[in-house]
Amino acid sequence: MSDHLRHLFFIGPGDKFPKPLENALLRELPDLVVQVSTDWKALVKKAAREKVLPALILVDEGFGAANANLLPEFREKFPNAVLCLTFNGEYGSRQHIRDCLNTGIINNVIPMNLRLDLWLYAIQIMLQGGSYMPPDLVELLEAGPSMRLEKTRNLVDARNSSGADLVNSLTPRELEVLALIAQGHQNKNIAANLSLSEHTIKLHIHHIISKMGVSNRTEAAAAYLQFQRSRKGGR
């Protein structure tokens, strides 16, 4: 039976994954099984006993900060699962988040108080193997050593320093969406500008991120702008 189900693990206190949020997720994704626990080892044993492989593991930021030594074990036990750090409220523990990201094991972050439709969309993206990080958090993290943009620069440099391979795989419509993202427009404005629904814009952005091999819209925009600069410089 479990072969037809997808599994999500939440590692942290139960009150950090409110029941109404879990219920909304299960209504949206009836094939999903959610397991919440603060006991990582017990959860691993239960998963082995039931022959369950999670598609997504959400790790509460408090648990992650206090148990950073367990993060490699998460990856070792479930190498194909997407790992995501969760937090509630403001970015008060920015250093904790950066420390977890710097391990290279967790590359996704999601606020548990995100607007429900966006939260559900982000969870679905990660269940499909994609990535998510709030753009404003990316900006905060970049206020330090510019961690995320440096990753994008390295990726573009590895592809002839032009970003052409990153951008040329996109359809004309995806290029239109990406150009507007790079100009700083939000989804609502992009949808209005292109006479499309916000849902369609979200799908385009997901495809753009997947095709370009970047982690989020900020990295995609950075690669696009570098591509545009290289084109102007070559004229």
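This is a predicted model, so every value here is computed, not measured.

Draft legend 1. View of the nonpolar core. Membership of the largest hydrophobic core comes to 25 residues, with the highest contact counts inside it found for Phe9, Ile11, Trp40, Ile57, Phe74 and Phe78. Contributing elements (two or more residues each) for this core: β1 (6-11), α2 (40-50), β3 (56-60), α4 (71-77), β4 (82-87) and α5 (94-102). It is α2 that contributes the most residues to this core, four residues altogether. Beyond its immediate stretch of four places on either side in the chain, Ile57 contacts Phe9, Ile11, Phe78, Ala81, Val82, Leu83 and Cys84.

Draft legend 2. Main features of the sheet that holds β3. If you walk across this open sheet you meet the five strands as β2-β1-β3-β4-β5, and the pairing is parallel. The outermost strands of the open sheet, each flanked by one partner alone, are β2 (32-37) and β5 (108-111). Along the sheet, successive strands turn relative to each other by an average axial angle of 25°, direction set aside. Pairing of β4 with β5 involves four bridges; the strand directions are parallel.

Draft legend 3. Main features of the pattern of salt bridges. One pass over the structure, following the stated rule, counts seven salt bridges. One salt bridge in this structure joins Lys19 and Glu22, with 3.4 Å as the shortest N-O distance. Residue Lys19 and its partner Glu22 are both found in helix α1 (residues 19-28); the two are separated by three residues, about one turn of the helix. Looking at Glu22, the relative accessible area reads 10%, which means it is buried. When the shortest N-O distance is used, the salt bridge between Arg115 and Asp117 registers 2.7 Å. For Asp117, a relative accessible area of 38% gives the class partly exposed.

Cut-offs applied
Residues numbered from 1 in each chain as written. Predicted model: local features only at pLDDT ≥ 70, side-chain atom pairs only at ≥ 80, totals over all residues. Heavy atoms only, no water. Core = buried A, V, L, I, M, F, W, Y, C linked by side-chain atoms within 4.5 Å. Buried < 20%, exposed > 50% of the residue type's maximum accessible area, 1.4 Å probe, protein only. Helix = DSSP H or I, 4+ residues; strand = E, 2+ residues; numbered from the N terminus. Contact = heavy atoms within 4.5 Å. Pairing = 2+ DSSP bridges. Axes fitted to C-alpha atoms, helices over the stretch in contact; angles between N-to-C directions. Salt bridge = Lys/Arg side-chain N within 4 Å of Asp/Glu carboxyl O.

Structural measurements only, silent on function.
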